[in-house]
Amino acid sequence: MKPTTISGVQPSGRLHLGNYLGALKNFVELQNAGEYNPFFFIADLHSLTEFPKTADEKQKQIFDLAADFLAAGLDPKQSTLFIQSAVPAHAETYWILGSLTPLGELGRMTQFKDKGKIETQKKEKKEDGFIKAVEAREGRESVNAGLLTYPILMASDILLYDAETVPVGEDQLQHLEFTRTLARKFNNTFGKTFVEPKPILTSTPRLMSLDDPTKKMSKSSPSGCVFLDDTPETITEKIKRAVTDSGKTIEYDPLNRPGISNLLLILSAFSGMSPKKLEKDFSGTGYGEFKTMVAEKIIASLEPFRKKKLFFKRNPSLVKKAFEKGNKTAEKQSGKKLMEIKKKVGLL
Ligand code: AMP
Ligand code: TRP
């Protein structure tokens, strides 16, 4: 039996180059390598921690991400593609594992601390939408509980499938470490049940923002993102505007030259050449010319994605169908594992 690999992405807006180079592109490569039993899913339950303005908007985000998966090259014949909320074992396991989780561990998670801060600020500003109904209260008190318990659901997603590896970006490493600790704790308490999963990182585990290369590219700061469905003109414009530094040479030095190094990393990820090799190839080239080359490479590399995405958007029934079989496969497999878990803790 091939080892299982699993990963999920939240449907919460347009995918950016960080998501692609840190995760999605790697999903496709792992699938195509043929050495794994791959599971990829849409983490729609997780995405509810940032409530949508309307139900229609959430449905659109889920559909859009499903189309992104297919456009990037995930194939329901080779991978089990599914939607988290269509597989009830995830939420049930989440409850069981939650009872084994110390509150302190959750409060220490960086993502919780960061998102907690953003949510608190939003509420203080009393922004539009669903959030408005919740009176802003000071500090963490008003942050939704889902943001705190988020890693327990993520651990359930992974442990239910006995996944040995999890391809993710660097920002998810802490959650994966949490998952390993939880698996160990369960195994020690109830007997060997879970596999301790290991991360798989790409060469760009933390792509930086174009307008502030000391911060990671993140949709919470859209001006620093290249989105996968940006038009070629927008991509060119964004790369031209990317913050570099006052130097003139193309050097790979992430610490002292983060902006130019980030562009070198992007070029490296798309060309397969190491940043050091690219540095040599581009010695003597000015920033302007270099940026044009980077933009052209991104545009050409994303062109097949853009075309396929349009195709899938025009053929929504194909997108739906691609996930139907996967939902059933995931339900069957996780259902079996859940029985085992329930037996271990005395619920069956
Ligand atoms: P999310 O949109 O938060 O569900 O992220 C989907 C995947 O993209 C996760 O595996 C993240 O770790 C990865 N990811 C997000 N931002 C970046 C980034 N700036 N660089 C590399 N990977 C990222
Ligand atoms: N937390 C991940 C993110 O924000 C998404 C996710 C949910 C995930 N469940 C997972 C990733 C299980 C890997 C495995 O990107």
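Residues numbered from 1 in each chain as written. Chains lettered and ligands numbered in written order. Predicted model: local features only at pLDDT ≥ 70, side-chain atom pairs only at ≥ 80, totals over all residues. Heavy atoms only, no water.

(A) Molecular detail of the domain arrangement of the chain. On domain assignment, one finds that the chain holds domain 1 (4-206 + 316-345) and domain 2 (222-310). Taken over C-alpha atoms, the centre of domain 1 sits 29 Å from the centre of domain 2. Taken residue by residue, the interface counts 14 residues in domain 1 and 15 residues in domain 2. At the boundary of domain 1 with domain 2, the tally comes to 4 salt bridges. Arg 14 is the partner of Asp 230 in a salt bridge, and the nearest nitrogen-oxygen pair spans 3.0 Å. For the pair domain 1 and domain 2, the interface holds 7 residue pairs in polar contact (both at pLDDT 80 or more). The set of elements that each furnish at least two residues to the side of domain 1 that touches domain 2 consists of helix H1 (17-33) and helix H3 (55-72). Of the residues forming the side of domain 1 that touches domain 2, the biggest block, 5 residues, is contributed by H3. Split by residue class, the side of domain 1 that touches domain 2 holds 7 nonpolar, 3 polar and 4 charged. (Domains from an automatic or database assignment. Contact = heavy atoms within 4.5 Å. Salt bridge = Lys/Arg side-chain N within 4 Å of Asp/Glu carboxyl O. Polar contact = N/O pair within 3.5 Å; in protein donor to acceptor, adjacent residues only side chain to side chain. Helix = DSSP H or I, 4+ residues; strand = E, 2+ residues; numbered from the N terminus. Nonpolar A, V, L, I, M, F, W, Y, C, P; charged D, E, K, R; others polar.)

(B) Focus on the packing of aromatic side chains. Going through the model one piece at a time under the given rule, you end up with 12 aromatic pairs. An angle of 45° between the planes, with centres 4.7 Å apart, marks the rings of Phe 186 and Phe 190 as tilted. Taken together, the residues Phe 186 and Phe 190, both in helix H8 (residues 173-190) and 4 residues apart, mark about one turn of the helix. The class for Phe 190 is partly exposed, based on a relative accessible area of 29%. (Phe/Tyr/Trp six-rings, centres within 6.5 Å; stacked < 30°, edge-to-face > 60°. Buried < 20%, exposed > 50% of the residue type's maximum accessible area, 1.4 Å probe, protein only.)

(C) Representation of unusual backbone geometry in the model. Unlike most non-glycine residues, Asp 162 shows phi in positive territory, near 50°. By the element assignment, Asp 162 lies in the loop between helix H7 (145-159) and strand E4 (165-167). Judged by its relative accessible area of 29%, Asp 162 is partly exposed.

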